[in-house]
Amino acid sequence: MVQYKVTVFTGDRLNSTTLNNVFIKLVGTDGESDRTWLMGLKGATSFVIGAVSKFKVSCPTSLGNLVLIELDKQSLPLFPEDAWFCAKVEVKSPEGDIYSFPIYRWIADSKVHRFRDGKALRVFEDNHHLGRYSRQQEIQQREEDYRLTELKLKGLDNCKKKWDNIDSINRVLCCKKTDISEYVHEHWKEDAFFNPMLIQLCTALPSNFPVTDDMVFPHGQCSLADEMKKGNIFLCDYKLLDGVKANTINGKKQYLMAPLVLLHKDPHDKLMPIAIQLKQTPSDDNPIFLPTDSEYDWLIAKIFVRSADFNEHQLNVHLLRTHLLAEVFAVSLLRNVPMVHPLYKLLNPHTRYTMQINFLARRLLISDTGNFTQFASSGGEGMFTILQRSVSSLTYSSLCIPDDIAERGVEAVPNFYYRDDGLKVWDIIHRFVQGMLGYYYKSDREVQEDSELQKWILDIFEHGFLSQAETGIPQTFTSVTELIKFVTMVIYTCSAQHAAVNSGQFDYAGWMPNTPISLQLPPPTKKGTTSEATMLATFPDVNVTVQGMATVWLLSKQSSDFVPLGQYPEEHFTEEIPRKILKDFQAELEILSGVIKARNNHLNVPYTYMDPAVVENSVAI
């Protein structure tokens, strides 16, 4: 008889323990063991949370090289069937070889489950289907986080009155604040602080935005034509919001504009707004607002832009382009790619909690009774219009930050830290993916012949991008290079891009006047008719403000079980070279984190959101 030494690692997740009997079978190239009950000295505590338990499996002769194990568990009469989260199993053979079998799955039934050795195998090397499990417990009661009690705003969440003065809004902000939200509160009126997201280089004025030199350069110091040639004029166009039906909140019609904004990079290297038109169609009752207008004409115009920016940001930039796309990538991975596949091992950590957090978002934010549906100007019918239009305008290149920056012509925008940090993070991820996939795929032909890989991308093309070839999303992978770029985009989208568009929400929207969730008066139709009272009457009601603040606070809050970019607590890769590539990846991220922190020390408003140390590995909040 020969003996195999088996070590079983139970995970440390909530409720990982099983009190059921656990059985194992070892399968090798020269035979297989009997199904063996794993009964050790620890007895019933062998498989409690965090346990590392050792067992022996006896066989008449050596099984050769181990290729897989079979695990199953059976309930006892006095103990109902439970769910067990097994992290991994290690087996030491009589010859002294050690085999590692990554599990990292819930086993919740009494069926037999098969797991391959940890060396990543492509599908044409592996014929065993592997089960996949998810547990709602992994949410760790995230629903509790959506309660308003955290903001200590009880009593205000049902107050349907208008704000009577700006100081009252400030008292609400004081319930929760950050260093940046305080800075925003102090500087939100300043043109230099006006920072809409959808900026692009303007080389010719849109025909529906009739700005003249006299409007924006009244002293004749330069001309629009000359400044456009120099690359100093930029445009924000919210045409995607044109004609969207605005919400009704507290029984009152709300207003959502589709503005056009012109910005100028001045001689001091500051990007300044110089013209705002709040509706797409030029007319006498749709004036072009200018910095030379009265204080409140210009301020209210900027407020309408910031509210439009908030609504497009939440639905297009945040919900669609990170949360929903991450779900598409994750579902296709689970449908088509087995656990032993290198792509699965590479992407699985970047899908952690995504399905669960999106389930909560659908129920608590965008359902009929959700916070966004009830309290955002784009909630309800408008939300579906915006999402449909956003899907229609989605392109592959816009998801890849090097391509996106080039297409928008914003390479030279000053102090654009999203661009600077994002490009560096993209490059580091790209080198990591290149190393990993280059290790497993030595030729384009190997990519073309990997049927599971091809199923994964086709599923994404058909169900995520609705089979629209004009999006530029590949339907198949024909080369290693093409595969590397797409997987880089997936990891970047699920980590750095989500952090960039999510983590700063309270910083910039916590002070409601800077980013109103909704507005309840129409914009002025002629100049010289506004005042502070007009602005206060335009702002959302007290309860709408409070609900919006609570939502962005909780969305911006780091999760209690946060895992930073590049950290892989579950050891899916067991080979030496991939493990070294992973360590190099982590080292590069650590260096970049130090560079970003050093830069931020010298900024009035530090840009922290793309610091790898605070970027979450997946869309998990």
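None of these values were measured; they are calculated from a predicted model. Here the residue numbers are simple positions, counted from 1 along each chain's written sequence. With the structure being a predicted model, the display of local features is reserved for residues of pLDDT at least 70 and the display and counting of side-chain atom pairs for 80 or more, all residues being used for whole-chain, interface and lining totals. Side-chain measures here rest on the full set of heavy atoms in the structure, leaving out hydrogens and waters.

### Some thoughts on the packing of helix H5 (residues 295–336) against helix H7 (residues 354–364)
Short version of the rule: Orientation is described by lines fitted to C-alpha atoms, with helices fitted over the stretch in contact, and by angles between N-to-C directions that extend from 0 to 180 degrees. The way it works is that DSSP assigns letters per residue, a run of H or I at least four long becomes a helix, a run of E at least two long becomes a strand, and they are numbered from the N terminus. By the definition adopted for this analysis, an angle is roughly parallel if under 35 degrees, roughly antiparallel if over 145, roughly perpendicular if from 65 to 115, and oblique otherwise. Crossing handedness: left-handed means the near helix sits turned counterclockwise from the far one by under a right angle, and right-handed means the same turn made clockwise. Whether two residues are in contact is decided by their heavy atoms: any pair within 4.5 Å suffices. Nonpolar residues are Ala, Val, Leu, Ile, Met, Phe, Trp, Tyr, Cys and Pro. Charged residues are Asp, Glu, Lys and Arg, and all others, Gly as well, are polar.
The geometry of H5 relative to H7 is characterised by a closest axis approach of 10 Å and an angle of 135 degrees between their N-to-C directions. Taken together, the axes of H5 and H7 lie oblique to each other. Two packed elements cross with a definite hand, and for H5 against H7 that hand is left-handed. Of the residues in H7, those touching H5 at His323, Leu324, Ala326, Glu327, Ala330 and Val331 are Thr354, Met355, Ile357, Asn358 and Arg362. Its residues placed into classes, the contact of H5 with H7 shows six nonpolar, three polar and two charged.

### Concerning unusual backbone geometry
Applicable threshold: Accessibility here uses a 1.4 Å probe with only protein chains present; expressed as a share of the type maximum, an area under 20% marks a residue as buried, one over 50% as exposed, and anything in between as partly exposed.
Of note in the backbone geometry, Asp269 takes a positive phi value of approximately 65 degrees without being a glycine. Within the secondary structure layout, Asp269 lies in the loop between strand S14 (260–265) and strand S15 (271–277). The exposure class of Asp269 is partly exposed, given its relative accessible area of 41%. You will see that Leu466, though not glycine, has its phi angle at about 55 degrees, which is positive. In this fold, Leu466 is placed in the loop between helix H14 (451–464) and helix H15 (480–502).

### A short note on a nonpolar patch on the surface
What counts, and what does not: A residue counts toward a patch only above 30% relative accessible area and without a salt bridge, and it is joined to like-charged neighbours within 9 Å or, for Val, Leu, Ile, Met, Phe, Trp and Tyr, to nonpolar neighbours within 5 Å. All accessibility values rest on the Shrake-Rupley procedure with a 1.4 Å probe; residue burial counts only the protein chains present in the view. Salt bridges are counted wherever a side-chain nitrogen of Lys or Arg sits within 4 Å of a carboxyl oxygen of Asp or Glu.
Together, Leu19, Leu76, Leu78 and Phe79 line one region of the surface with nonpolar side chains, adding up to about 370 Å² of accessible area. Here Leu19 lies in the loop between strand S1 (2–10) and strand S2 (21–28). Residue Leu19 is classed as partly exposed on the basis of its relative accessible area of 35%.

### What to know about the nonpolar core
We count it as follows: Among buried residues, those of type Ala, Val, Leu, Ile, Met, Phe, Trp, Tyr and Cys that are joined through side-chain atoms within 4.5 Å constitute a nonpolar core.
Counting 156 residues, the largest nonpolar core has Leu71, Val89, Trp456, Phe486, Val487 and Phe539 as the members making the most contacts within it. Ranked by residue count, the leading element in this core is H5, at 17 residues. With sequence-adjacent residues up to four places away left out, Leu71 is seen in contact with Phe23, Ile24, Trp84, Cys86, Val89, Ile103, Ile107, Lys111, Val112, His113 and Phe115. Leu224, Ile233, Ala275 and Leu290 belong to the second-largest nonpolar core, a separate cluster that totals 15 residues.

### Things to note about the packing of aromatic side chains
Rule in force here: Ring geometry is summarised as follows: Phe, Tyr and Trp rings, the Trp one being its six-membered ring, pair when their centres sit within 6.5 Å, and such pairs are stacked at plane angles under 30 degrees, edge-to-face over 60 and tilted between the two. Comment: the charge-over-ring label is applied if NZ (Lys) or CZ (Arg) is within 6 Å of the ring centre and within 35 degrees of the ring normal.
If you walk through the whole model with that rule in mind, you get 19 aromatic pairs. When the centroid spacing of 6.3 Å and the interplanar angle of 70 degrees are considered together, the rings of Trp188 and Trp511 count as edge-to-face. Linking Trp188 in the loop between helix H2 (179–187) and strand S10 (199–201) with Trp511 in the loop between helix H16 (505–509) and helix H17 (532–538), this pair joins segments that are 323 residues apart in sequence. Of the two residues, Trp188 and Trp511, neither departs from the other in class, the shared state being buried. Centre to centre, the rings of Phe506 and Trp553 are 5.0 Å apart; their planes meet at 80 degrees, and the pair counts as edge-to-face. With Phe506 in helix H16 and Trp553 in helix H18 (residues 542–556), this residue pair connects regions lying 47 residues apart in the sequence. Each member of the pair, Phe506 together with Trp553, is buried. A network of ring pairs unites the aromatic residues Phe329, Tyr396, Trp456, Phe477 and Phe486 as a single cluster. Note that Lys88 overlies the ring of Phe9, its terminal NZ or CZ placed 4.8 Å from the centroid. Residue placement shows Lys253 over the ring face of Tyr255; its charged tip is 5.1 Å from the ring centre.

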